[in-house]
Amino acid sequence: MTGRIYTADHQIFELPPLLSWRVTHTGTVPCDSFTATFVYRREMAPALSMAAGFTAEEGGQVMLRAVVDEYTVDLDGGGLTATVSGRGYAARLLDNESRPVTYESATLQEILRNHAEPYGVSCAEAADLRAGSVYTVAAGSSQWKAVEGFCRTYGGFSPRFSREGALLAAPEGAGRTVSIGAGDPVLACSVREDHYGVLTEALVIDKTRNKDFTVKNQEMIAKGGQCRRVVYTPGQSTWDAMRYTGEYQIRRSREEAWTARVTLPGSFPAFPGDRAAVSLERLGLAGTFRVAEAENRFDSQNGATAALTLKPLET
């Protein structure tokens, strides 16, 4: 992989060959992220101090566009090296707070125009969404929360970012499918199931109208779970909005309940949104799963490896 820095004064700096690197793709929040280490030379100091953007490329393709958060210069037994690190373009929305605002019958295009475009975020895909009621961005909300909240409430999806840094404010389509079987060189694999915090019931209350709506997670109830949350919504919420709020709370609570992590040799075998058809009988792991995160690493000791975090397909 090769790296390139873009400075705040619009200069481009090609990094020397990378000694080690890590690129993690999530597509959403928490952000994509990266670190890259290389041999340091004194003349690099001006570029590093002004570093604002980073691009990683592999085989002539962009693997990540990101913002630079930090750089360090280190002298140790390995010599004189520098490391740059940062996050994907979702950071531009996470790091900026919105003022409180209330919209009447807002469209997604209006939300993007006010909460994404002013922060250098371009949109490659946008669903045709319009609020069926008042949409409020609360005080203290980030620009990301303003956009994500609208997409989740009126579209039932979470926005994502492409590897090139463009916002994808539309439902995720199925990506390509990679196969992982007993004959593949699996370096490591783990399966984790955690019931802690998975809701069995969400009680949604509209205090203004003194109305409430209950949504239950029957699957978790059947497993003996007992975990209820009470959620208050803005006044004059519709029944659909209250039901969705309850379903959303339950869905979010179980997002981390089951994961599998498979480590393979090589770089960038899959990205978030791709599917993994897995058949690892010794672990009892079989089926088709969604790639939720892809962490790619390289160093002189281990070479290139890719760890894919898998989650169940949404039903």
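Residues numbered from 1 in each chain as written. Predicted model: local features only at pLDDT ≥ 70, side-chain atom pairs only at ≥ 80, totals over all residues. Heavy atoms only, no water.

Student: So, the sheet that holds strand S11 (residues 160-161): which residues are in play, and what are the values?
Tutor: Within a sheet, neighbouring strands are paired by backbone hydrogen bonds and run either parallel or antiparallel to one another. On the basis of which strands lie adjacent, the open sheet formed by three strands has the order S9-S12-S11 and mixed pairing. If you trace the sheet from one side to the other, it starts and ends with strand S9 (123-126) and S11, each paired once. As defined by bridge partners, S11 adjoins strand S12 (residues 167-169) across two bridges and the pair is classed as antiparallel. Paired with Phe-161 across the two strands is Leu-167, which belongs to S12. Helix H3 (residues 108-115) rests against S9 and S12 of the sheet, and its axis sits at about 155° to S9. (Pairing = 2+ DSSP bridges. Helix = DSSP H or I, 4+ residues; strand = E, 2+ residues; numbered from the N terminus. Contact = heavy atoms within 4.5 Å. Axes fitted to C-alpha atoms, helices over the stretch in contact; angles between N-to-C directions.)

Student: Lay out the packing of aromatic side chains in plain terms, naming residues and giving numbers.
Tutor: For the structure on display, the rule yields nine aromatic pairs. Considering the side-chain rings of Trp-21 and Phe-268, the 5.8 Å spacing of their centres and the 5° angle between planes classify their relative orientation as stacked. Placement of Trp-21 in strand S3 (residues 18-25) and of Phe-268 in the loop between strand S18 (258-265) and strand S19 (275-280) is noted, with a sequence separation of 247 residues between them. Here Trp-21 and Phe-268 have matching classes, each one buried. A ring pair is formed by Tyr-135 and Phe-150, whose centres lie 5.2 Å apart and whose planes are at 85°; its orientation type is edge-to-face. One end of the pair, Tyr-135, is in strand S10 (residues 134-137); the other, Phe-150, is in helix H4 (residues 143-155), with 15 residues separating them in the sequence. Each of the two residues, Tyr-135 as well as Phe-150, counts as buried. Here the aromatic cluster, defined as three or more aromatic residues joined through ring pairs, consists of Trp-21, Phe-268, Phe-271 and Phe-298. (Phe/Tyr/Trp six-rings, centres within 6.5 Å; stacked < 30°, edge-to-face > 60°. Buried < 20%, exposed > 50% of the residue type's maximum accessible area, 1.4 Å probe, protein only.)

Student: Describe the nonpolar core, listing the residues and the values that go with them.
Tutor: If you look at the biggest cluster of nonpolar residues, it comprises 28 residues, and the most contacted ones within it are Leu-108, Ile-111, Leu-112, Tyr-135, Phe-150, Phe-161 and Leu-167. Elements with a contribution of two residues or more to this core: helix H2 (90-94), H3, S10, H4 and S12. Here the element with the most residues in this core is H4; it accounts for five residues. The residues touching Leu-167, leaving out its near neighbours within four places in the chain, are Leu-112, Ala-116, Val-121, Ser-122, Cys-123, Ala-124, Glu-125, Val-147, Pro-159, Arg-160 and Phe-161. In terms of nonpolar packing, the next biggest core, distinct from the first, is built from 24 residues, Ile-5, Leu-15, Ala-36 and Tyr-40 among them. (Core = buried A, V, L, I, M, F, W, Y, C linked by side-chain atoms within 4.5 Å.)

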